[in-house]
Structures are given as structure tokens and as C-alpha cells.
Amino acid sequence: MVFSGTATRYLAERICQSLGCPLGKLEVTKFSDGEFAVYYEESIRGRDVFLVQSTFPTSDNLMELLLMIDAAKRASARTINAVIPYFGWARQDRKDKPRVSIGAKLVADLLSAVGVNRVITMDLHADQIQGFFNVPVDHLYASGVIIPYLQSLKLDDLVIASPDVGGSKRANTYAKYLGCPLVLCNKTRARANVIATMQIIGDVKDKNVVIIDDMVDTAGTITKAADIMKEAGAKTVRACATHCVMSGPASERVQQSALEEIVFTDSIPYDFSKCSKVKQLSVADMFAETIRRVVNNESISDQYIV
């Protein structure tokens, strides 16, 4: 049985359409003080329950997911599987300076404490976050939908780029699979969300560049990288990222940048009226197939492209 939180219902409906099953009936009651309660409108006793909810801001989405898990446990569901296309707080995966929280570990502890049996997610900001859980984590990759899209463009002189050194492993995987060169951007930050300097490592002159990243938040990094590459002689510059956070001035920055287009998955909803360059590819079929394989105790590894 598949149920959806408020924020990710659009994706849950597509997943159910792909699975050929109805979306479960779940009611979220909101109170005037901002508090809310979750109620399953049908019996889930002894059933394998899959709860679809991305935990992007606000934190109400995470709290709603926790309440859904708690209600399912108290309603005697056989297994409770959290399907989290976008796992929020993933950038807080380590102590990068003294006296800071590790938000990703806290969220993992909350999900485990409330009674989740399995987590299905996609393109975590750092792979080691899987180790924060004491339950199985099925970590999917958006390359399953992004690579076929790039191949459909049939771009000559293709170059894959990483907007920072931290994303070089992900970009290198794409470059190896597509058989094309890799370019890196070396950046320094003045503070969070503010870039001080950026340099290109590699040749982009007369090339069609595709920048690969896991998420775009304020779009400062990816638009600056695109502008610098265009100045360095790149023929075209595109960007592909898994999660469409796109907060604050992001849409305006992308619209005014040198980017031809920016391609995301639909792990987070987006208002396309804000920017004409944004395109979303659906991951509903990929999640639906993973759910089907989990229920049937089949391997999910062979559905990965890279």
C-alpha cells in the first residue's frame, strides 16, 4: 500500500500509476496553531506500507513523515518503508567546524526511533549518510533518467563538468559512462551560499558542456560556473542536477545566466512560471520499480545505469 504526505502527492500519484495500484487514503488534519495530525482512512494491518514524502523545507514535511510512520506502526503495518526522494538536511553530514550539529545523523536517528523498517532515497549529498541508519537503505541514482536524456540530445564535443571538487566523483562517473572529458571548477567560499573565487580546470573551448550536480539551492555556484565556461569559449552550457531546491534568488539567477537549460528530477516540485530554463524528468517509474522489487524480494542493483 502506497501513501503520500502533503508535499509529494504529485509524485506518489505517478508512482501508483506506474505500479497500477490506487494511492492509499490518508488524512492530514491541520489545527489553527499550526499543529497537525495524521489518520489512515483504511486498514493497513499486516500490510507492507510505503510512505512517499520528500523532506524539503519547511520542516513540517519531515514532521508529517514522522507522524505517518508512527501512525502506521500503531496501526500494525507489517513493514514501514519511507520513500524519501529528497532527503533534507543531507548537507549537514559532518562537523566541518567546531560546535555544529550533524543534521543528517539527527534525521536518521529520528526516522529509526519512530519505527521505520527501510528507507528508499535518491542521490544523497554524501554517500556515507547511508551508514547513519541501522535499517536497510536503498540508494537510487538519478543517472537512470538523466543519462538517457543527455544521450537523446546527441551533443557533439561533449564535456562533463563538476561545479566544485566535492562533486568530481559524481561527474567523473557520468564522463566515464558517456566516454567524454571531465572538467572541474575549483571554488572558494566567503561564507555559506556566497562564492569568493572560481577557476576552471580543463578545456571547454568550442565544447558543449554539461554541469552535473546533486542539487541546486541558490544557484550561485552553478550559474557562476556556466558564465565562466561561456567566457572561456564553451559552445553551450547546460546543467543537470537531481534535486530542484531552487531557493531565494535561484530562479532569477538561472534565467539571467549563460545556461541553455537546467534539468532536474521531480523529487521536489517546481513552479515553472518562475524560470523558463527549468526542465524536470520524472523518477516515478524508477521508484515504482524499486518498490515492486522490494515487495517481491528481488535485487534492485541491475536497474542502475551507473
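For the structure itself, consult the block above.
Notes on the structure follow. (Residues numbered from 1 in each chain as written. Predicted model: local features only at pLDDT ≥ 70, side-chain atom pairs only at ≥ 80, totals over all residues. Heavy atoms only, no water.)

1. Some words on the overall build of the protein
Okay, so step 1: Within the protein, the secondary structure is distributed over 8 helices and 14 strands.
Okay, so step 2: Relative to a compact globule of 306 residues, whose C-alpha radius of gyration would be 19 Å, the protein shows 20 Å and is just as compact.
Okay, so step 3: Dimensions along the principal axes, computed over C-alpha positions, put the protein at roughly 60 × 40 × 35 Å.
Okay, so step 4: Burial statistics for the protein: of 306 residues in total, 51% are counted as buried.
Okay, so step 5: Contacts spanning at least 24 positions in sequence make up 62% of the contacts within the protein whose residues lie at least 6 apart.
Okay, so step 6: When the accessible area of the protein is evaluated, it comes to approximately 14100 Å², of which 48% is carbon and sulfur surface.
Okay, so step 7: Of the side-chain charges in the protein, 35 are positive and 35 negative, and the distance between the mean point of each set is 3 Å. (Helix = DSSP H or I, 4+ residues; strand = E, 2+ residues; numbered from the N terminus. Rg over C-alpha atoms; globule rule 2.2 N^0.38 Å. Buried < 20%, exposed > 50% of the residue type's maximum accessible area, 1.4 Å probe, protein only. Contact = heavy atoms within 4.5 Å. Areas by Shrake-Rupley, 256 points an atom, 1.4 Å probe, with all protein chains shown as cover. Lys, Arg positive; Asp, Glu negative; His and termini not counted. Charge placed at Lys NZ, Arg CZ, Asp CG, Glu CD.)

2. Observations concerning helix α8 (residues 284-295)
Okay, so step 1: Spanning 12 residues, α8 covers 17 Å between terminal C-alpha atoms, matching the ideal 16 Å at 1.5 Å per step.
Okay, so step 2: Every buried residue of α8 is accounted for by A284, M286, F287, A288, T290, I291, R293 and V294.
Okay, so step 3: Tucked inside the fold, the buried residues of α8 contact α1 (9-19), β4 (48-52), β5 (79-84), β6 (118-122) and β7 (137-140).
Okay, so step 4: At the C-terminal side of α8, N297 shows a positive phi close to 55°. (Expected span 1.5 Å × (residues − 1).)

3. Thoughts on the packing of aromatic side chains
Okay, so step 1: Tallying each qualifying case throughout the model produces 4 aromatic pairs.
Okay, so step 2: On the numbers, 4.8 Å between centres and 85° between planes, the contact of F3 with Y40 is edge-to-face. Here Y40 lies in strand β3 (residues 36-40) and F3 lies in strand β1 (residues 2-4), a separation of 37 residues in the sequence. Accessibility classification places F3 together with Y40 in one group, the buried group.
Okay, so step 3: Measuring from ring centre to ring centre gives 5.9 Å for F87 and F133, while their planes differ by 70°; the resulting arrangement is edge-to-face. Of this pair, F87 sits in the loop between β5 and α3 (103-114) while F133 sits in the loop between β6 and β7; the two residues are 46 residues apart in sequence, bridging distant segments of the chain. We note that F87, like F133, is buried.
Okay, so step 4: Between the NZ or CZ atom of K30 and the centre of the ring of F36, over which it lies, the distance is 4.6 Å. (Phe/Tyr/Trp six-rings, centres within 6.5 Å; stacked < 30°, edge-to-face > 60°. Lys NZ or Arg CZ within 6 Å of the ring centre and 35° of its normal.)

Interpretation in functional terms is not warranted from these geometric data alone.
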